[in-house]
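Understanding the architecture of this molecule
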Amino acid sequence: MKKNKFFLITFVAFIIGMGFLFLKPSKISEKNIIRNIIEKKEIGKQEQLSDIFKKDKVWGTLVYQSGHLKGPKSISAGYANYTKREKNSATTDYMLASLQKGYTATLIQMLIDEKKISMTTKLSQFYPEIKYSTKITIRELLDHTSGIQMGETAPKVMLTSDASAVEWTIHHLKSTGKMYWNYSNANYTLLAGIITKVTGKSYAEILNENIIAPLKLKKTSELDNSIINNAAKTYNYGSNGVLHAMSYELVSSELGCGNLYTTPIEYFKFVSALQNNRLLSSAALNQLTRNRLEAYSGGYYYSPTGQRADGVDNGYFDFYYADNVKHNSMILMLNKGISDAQGRSMIQQIENILTA
């Protein structure tokens, strides 16, 4: 009787054990199926995104993150240097153009947090020689409502210091006294100059101390000989390898608003850190952006669903777009394109693919 009982218990245990063996692979198999579906869907999306580059016949790099992705993905097309056959990638250096304004605005907000200046500090405290400077505030410089206007006049030679870039700007700007919105690089060169005056250090030093070093950015720097030699060249649209006209003299004058180079992946790191309060507190970012008021503020255009920025300079076309509701963000940097409108159209196509 005992022997029968022992065999019965052993048999039941065996059946239960076999059940677990069959169930476990089933669960693992289910996870693998789901993972494979997601991977196939992602591969399909990447193919669609690559097709956008082919269709628009552009060269450059896209870095993007969508809600379900663990980290940023990238797609590149064309060449950073056609002569050397060096291909574009997420670690290729591109000129930031006006996307640099977000860095300058962040540094200004840091000085405000330290109570070294305020949003109501007058421009006359630093540059009294500028007409109407007693009326112009830091806030108005940040928002392009200072009444200052300026074209893109290039110096005859490259400017080699912060002071010379600011002096060039002061000499060529027009201060109208009409405080309505008017986009002008001069606002941000003056803000960069204010940073140097308040801190007693160069713009590059303050940028390194407060953004580059904390975020461990290895390939973000101002225009210099290394950048000239190694950054992506720009090429004429419709050609295979004809270089776009390049004015390093103009770039050298764009302190705080267009003389910074970085990679798409490092810009992604910067803007993610900014928007996720790793560089500025939530209160500080709200102050800088006027609580994300639907307008331009501190380097970005804000909307009810997210923020964007774009820059065009010397054949570079740069775009940042984030939808905080759909949890999509993307950085598109082109070194062969045709227009700002083309880039915005590509961004819309990319958004449609990511949300499909």
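Residues numbered from 1 in each chain as written. Predicted model: local features only at pLDDT ≥ 70, side-chain atom pairs only at ≥ 80, totals over all residues. Heavy atoms only, no water.

**Observations regarding the overall build of the protein**
Each helix and strand in the protein was counted, giving 11 helices and 14 strands. For the protein, the proportion of its 356 residues judged to be buried stands at 49%. Nonlocal contacts in the protein, meaning residues at least 24 apart in sequence, comprise 69% of its contacts between residues at least 6 apart. With the model as given, the accessible surface of the protein reaches about 17600 Å², and the carbon-plus-sulfur share is 56%. (Helix = DSSP H or I, 4+ residues; strand = E, 2+ residues; numbered from the N terminus. Buried < 20%, exposed > 50% of the residue type's maximum accessible area, 1.4 Å probe, protein only. Contact = heavy atoms within 4.5 Å. Areas by Shrake-Rupley, 256 points an atom, 1.4 Å probe, with all protein chains shown as cover.)

**Comments concerning the side chain of Ser253**
The topology assignment puts Ser253 in the loop between α8 (248-252) and β9 (260-262). Polar side-chain contacts of Ser253 include one of 2.6 Å to the backbone oxygen of Leu250. In this structure, Ser253 is in contact with Pro155, Leu159, Ala165, Trp168, Thr169 and Thr189, ignoring residues within four places of it in sequence. (Polar contact = N/O pair within 3.5 Å; in protein donor to acceptor, adjacent residues only side chain to side chain.)

**Focus: the packing of helix α2 (residues 101-113) against helix α9 (residues 264-275)**
α9 packs onto α2 with a crossing angle of 40 degrees between their chain directions and a minimal axis gap of 11 Å. Classed by the angle they form, the pair α2 and α9 counts as oblique. For the element pair α2 and α9, the recorded crossing hand is left-handed. Contacts from Gly102, Tyr103 and Thr106 of α2 reach α9 at Tyr267, Phe270 and Leu274. For the contact of α2 with α9, the class distribution of residues is four nonpolar, two polar and no charged. (Axes fitted to C-alpha atoms, helices over the stretch in contact; angles between N-to-C directions. Parallel < 35°, antiparallel > 145°, perpendicular 65-115°, else oblique. Left-handed = near helix turned anticlockwise from the far one by under 90°. Nonpolar A, V, L, I, M, F, W, Y, C, P; charged D, E, K, R; others polar.)

**So, empty space enclosed by the protein**
Under the criterion given, the structure shown has one cavity of 30 Å³ or more. Taken as a whole, the largest cavity holds about 40 Å³ of empty space. Every residue lining the largest cavity is listed: Ser98, Lys101, Tyr183, Tyr296, Gly299, Tyr301, Ala309 and Asp310. Here the residues of the lining of the largest cavity sort into four nonpolar, two polar and two charged. (1 Å grid on protein atoms, 1.4 Å probe; cavity = no way out; pocket = protein on both sides within 12 Å on 5 of 7 lines; lining within 4 Å. Points joined across faces, edges and corners; volume = space filled by probe spheres on them.)

**Some words on the sheet that holds strand β12 (residues 306-313)**
An order of β2-β1-β14-β13-β12-β11-β10 is seen for the seven strands of this open sheet, with the pairing classed as antiparallel. The strands lining the two open edges of the sheet, one partner per strand, are β2 (73-77) and β10 (296-297). For strand β1 (residues 59-65) and strand β14 (residues 328-336), the ladder comprises seven bridges, and the chain directions are antiparallel. Residue Gln65 lies in a different strand from β14, and its bridge partner there is Ser329. (Pairing = 2+ DSSP bridges.)

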